[in-house]
Amino acid sequence: MKQRPPLQEPDKLWNLPYILILAVSTFSSFSFYMVATIMSKYLVSLGATIAFAGFVVGMFSITSLVCRPFCGLMADRLNNIWLLIISNLLMSAGLIGFALSANMPSMILFRILNGVGFSINGTVQIALVVHFIPKSRLGEGIGYMGISQLIGSACAPAVGLEIAEILGMSATFIAAAGLTLLAAFILLFLRGLQPEKSGAKKAIRFNDIIDCKALPFTLPYSTFSFTNGIINGYLVMFADEHGIGKISIYFTLYAVAVFAVRPFSGKIMDKKGLRYTVFPGMVVCAVSLYLLGMSSTLWMILATGILRALGQGAAQPSLQAGCINRVGRDRSGVATSTYFLGGDIGQGIGPMVGGFLLARIVGLAGYQVLFGLCGTLMLAAMVYFYFFCKKEGIR
């Protein structure tokens, strides 16, 4: 294929490559959320204990944690388009294997395979898309990337549960694998739009794997992911304890609320700074988690979901854009991978901590302790980030 000239910074946000990457992000996210809310229940239905189910769910993100630093290195040095294609194929293989196997050791293996693909996918998506976003609209552009993923979180849980009820839970995993294959196909249309690399570096330094400038942004992000892991893994079971049905509505309303707030939060961050979105967002999110533990009806749970969405929708994309701005666009791969380390740690540890606590504190009390822990961690991370911003003069 004839090599195209180096990419220029786009004049407008809504260009074709940006839109296609948004579509890829949407399908990958849809695939993830289709199975996230039934994973624990699926394993328990096959005879696993709730603690083992939490372990397998957490293995997904622990795998991402191990792979993520090297994903940033690859994103900064290799062809991002082909990396994304390979990652989607790995995710698909893991999902199909998970659907067709009932053996617990093989479940762990396929979960790891899916996690490897997921870690490459998330890092390279952001490292690629920033080259198609004008610098002056980085916060807004990344915010829309989050919205594309939220389309998945809004619709996918309900779709996944509906498929599981009609065709069985294995069919949900097969359908999710089909979406990752579709994402890989779309990426073939972007093969000639590879961003120019900064140079042929041969020696690998620690700074090429983990950028210390990004770590202060990683900690607060990890608390959001810890919370997401808890909600995705145990909200359905929490609702079952109360005898509440139709809980999939929670994920839809949550996504709609985030969808509404993200475009505004991105613009506010670009114009005024991340402190105007991150700190209020983290406080609101923490309050919603304390209230969730005290909820006993569907409308109360839904109200806390909307509140959590407003807080997380404001804070999370601002943290990510701030991280890339601090590290530099030419190192967006390692910046993103370092930032996502917090997500992998939180998403991996969350279900494991949840399974540990719920196995020892039975009934509703266990869920109250678990959601309260999430809120407390959120506030602690916010205090840390406040003093970091004050020290570094970050507005």
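Predicted, not measured: the structure shown is a model, and the values here were computed from it. (Residues numbered from 1 in each chain as written. Predicted model: local features only at pLDDT ≥ 70, side-chain atom pairs only at ≥ 80, totals over all residues. Heavy atoms only, no water.)

Examining the overall build of the protein
The number of helices and strands found in the protein is 13 helices and zero strands. Listing each helix as α and each strand as β along the protein from the N terminus yields α-α-α-α-α-α-α-α-α-α-α-α-α. Relative to the compact-globule value of 21 Å for 395 residues, the protein shows a C-alpha radius of gyration of 20 Å, a close match. Projected onto the principal axes, the alpha-carbon positions of the protein cover approximately 60 × 50 × 35 Å. A burial count over the protein gives 59% of its 395 residues as buried. In the protein, 87% of the contacts between residues at least 6 apart in sequence involve partners at least 24 apart. Put simply, the protein shows about 15900 Å² of open surface, and 69% of that area lies on carbon and sulfur atoms. Placing the 29 positive and 15 negative side-chain charges of the protein at their respective mean positions leaves the two points 5 Å apart. (Helix = DSSP H or I, 4+ residues; strand = E, 2+ residues; numbered from the N terminus. Rg over C-alpha atoms; globule rule 2.2 N^0.38 Å. Buried < 20%, exposed > 50% of the residue type's maximum accessible area, 1.4 Å probe, protein only. Contact = heavy atoms within 4.5 Å. Areas by Shrake-Rupley, 256 points an atom, 1.4 Å probe, with all protein chains shown as cover. Lys, Arg positive; Asp, Glu negative; His and termini not counted. Charge placed at Lys NZ, Arg CZ, Asp CG, Glu CD.)

What to know about helix H4 (residues 80-100)
Look at H4: 31 Å from first C-alpha to last across 21 residues, which is about the 30 Å you get at 1.5 Å a residue. One side-chain oxygen at the N-terminal end of H4 lies 3.0 Å from the backbone nitrogen of isoleucine 81; it belongs to asparagine 79. (Expected span 1.5 Å × (residues − 1). Polar contact = N/O pair within 3.5 Å; in protein donor to acceptor, adjacent residues only side chain to side chain.)

Notes on the environment of arginine 68
With respect to the helices and strands, the residue arginine 68 is situated in helix H3 (residues 50-77). Its relative accessible area of 3% is what places arginine 68 among the buried residues. Sequence-distant contacts of arginine 68, that is, excluding residues within four places in its chain, are made with Phe118, Ser119, Gly122, Thr123, Ser337, Phe340, Leu341 and Asp344.

Points about the side chain of arginine 308
Counting through the fold element by element, arginine 308 comes out in helix H11 (residues 298-327). Here arginine 308 falls in the buried class, since its relative accessible area comes to 3%. Here the side chain of arginine 308 touches tyrosine 250 through a polar contact of 3.1 Å, side chain to side chain. Beyond its immediate stretch of four places on either side in the chain, arginine 308 contacts Thr227, Asn228, Ile231, Tyr250, Tyr254, Cys285, Ser288 and Leu289.

With respect to the side chain of serine 87
In this structure, serine 87 sits in helix H4. Given the relative accessible area of 0%, serine 87 is considered buried. Not counting residues within four places of it along the chain, the set of residues in contact with serine 87 comprises Gly117, Ile120 and Asn121.

As for the environment of isoleucine 244
Here isoleucine 244 shows up in the loop between helix H8 (215-242) and helix H9 (248-272). Look at isoleucine 244 and you get buried, because its relative accessible area is 12%. Each residue touching isoleucine 244, except ones within four places of it in the same chain, is listed here: Ala239, Ser296, Thr297, Leu298 and Ile301.

Some words on the packing of aromatic side chains
Considering all chains together, one arrives at 19 aromatic pairs under this definition. Geometrically, the ring pair formed by phenylalanine 98 and phenylalanine 173 is tilted, given 5.2 Å between the ring centres and 40° between the ring planes. Here the residue phenylalanine 98 occupies a position in helix H4, and phenylalanine 173 occupies one in helix H7 (residues 169-187), the gap between them amounting to 75 residues. Residue phenylalanine 98 is classed as buried on the basis of its relative accessible area, which comes to 2%. Put simply, the rings of Phe217, Phe279, Phe385, Tyr386, Phe387 and Phe388 pair up and form one aromatic cluster. Stacked on the ring of tyrosine 276, the Lys or Arg lysine 272 has its end atom at 5.7 Å from the ring centre. (Phe/Tyr/Trp six-rings, centres within 6.5 Å; stacked < 30°, edge-to-face > 60°. Lys NZ or Arg CZ within 6 Å of the ring centre and 35° of its normal.)

Some words on the packing of helix H12 (residues 332-360) against helix H13 (residues 364-392)
Running from amino to carboxyl end, H12 crosses H13 at an angle of 145°, the nearest separation of the two axes being 9 Å. Where H12 crosses over H13, the handedness of that crossing is right-handed. Judged by residue contacts, Val353, Gly354, Leu357 and Leu358 of H12 engage Gly366, Tyr367, Val369, Leu370 and Leu373 from H13. (Axes fitted to C-alpha atoms, helices over the stretch in contact; angles between N-to-C directions. Left-handed = near helix turned anticlockwise from the far one by under 90°.)

Examining H9
Compared with the 36 Å implied by 1.5 Å per residue over 25 residues, the 36 Å span of H9 between its first and last C-alpha is a close match. Along its length, H9 reaches its greatest deviation from straightness, about 30°, at valine 261, and the proline proline 263 lies no more than four positions downstream. One or two steps after H9, the chain reaches glycine 273, where phi turns positive at roughly 115°. (Bend = angle between axes of the 7 residues up to and from the residue.)

Describing the nonpolar core
Of all hydrophobic cores here, the largest spans 81 residues; its most connected members are Phe217, Leu235 and Phe385. In terms of residue count, H8 provides more of this core than any other element does, 11 residues in total. Counting residues in hydrophobic clusters, the runner-up holds 27 residues, among them Phe30, Met34, Met39 and Ala176. (Core = buried A, V, L, I, M, F, W, Y, C linked by side-chain atoms within 4.5 Å.)

A look at the packing of H9 against H11
Axis separation between H9 and H11 bottoms out at 7 Å; the angle between their running directions is 40°. Classified by the angle their axes make, H9 and H11 are oblique. You can see that H9 and H11 cross each other, and the crossing is right-handed. Its residues assigned to classes, the contact of H9 with H11 shows 16 nonpolar, nine polar and two charged. (Parallel < 35°, antiparallel > 145°, perpendicular 65-115°, else oblique. Nonpolar A, V, L, I, M, F, W, Y, C, P; charged D, E, K, R; others polar.)

Keep in mind these values describe shape, not function.
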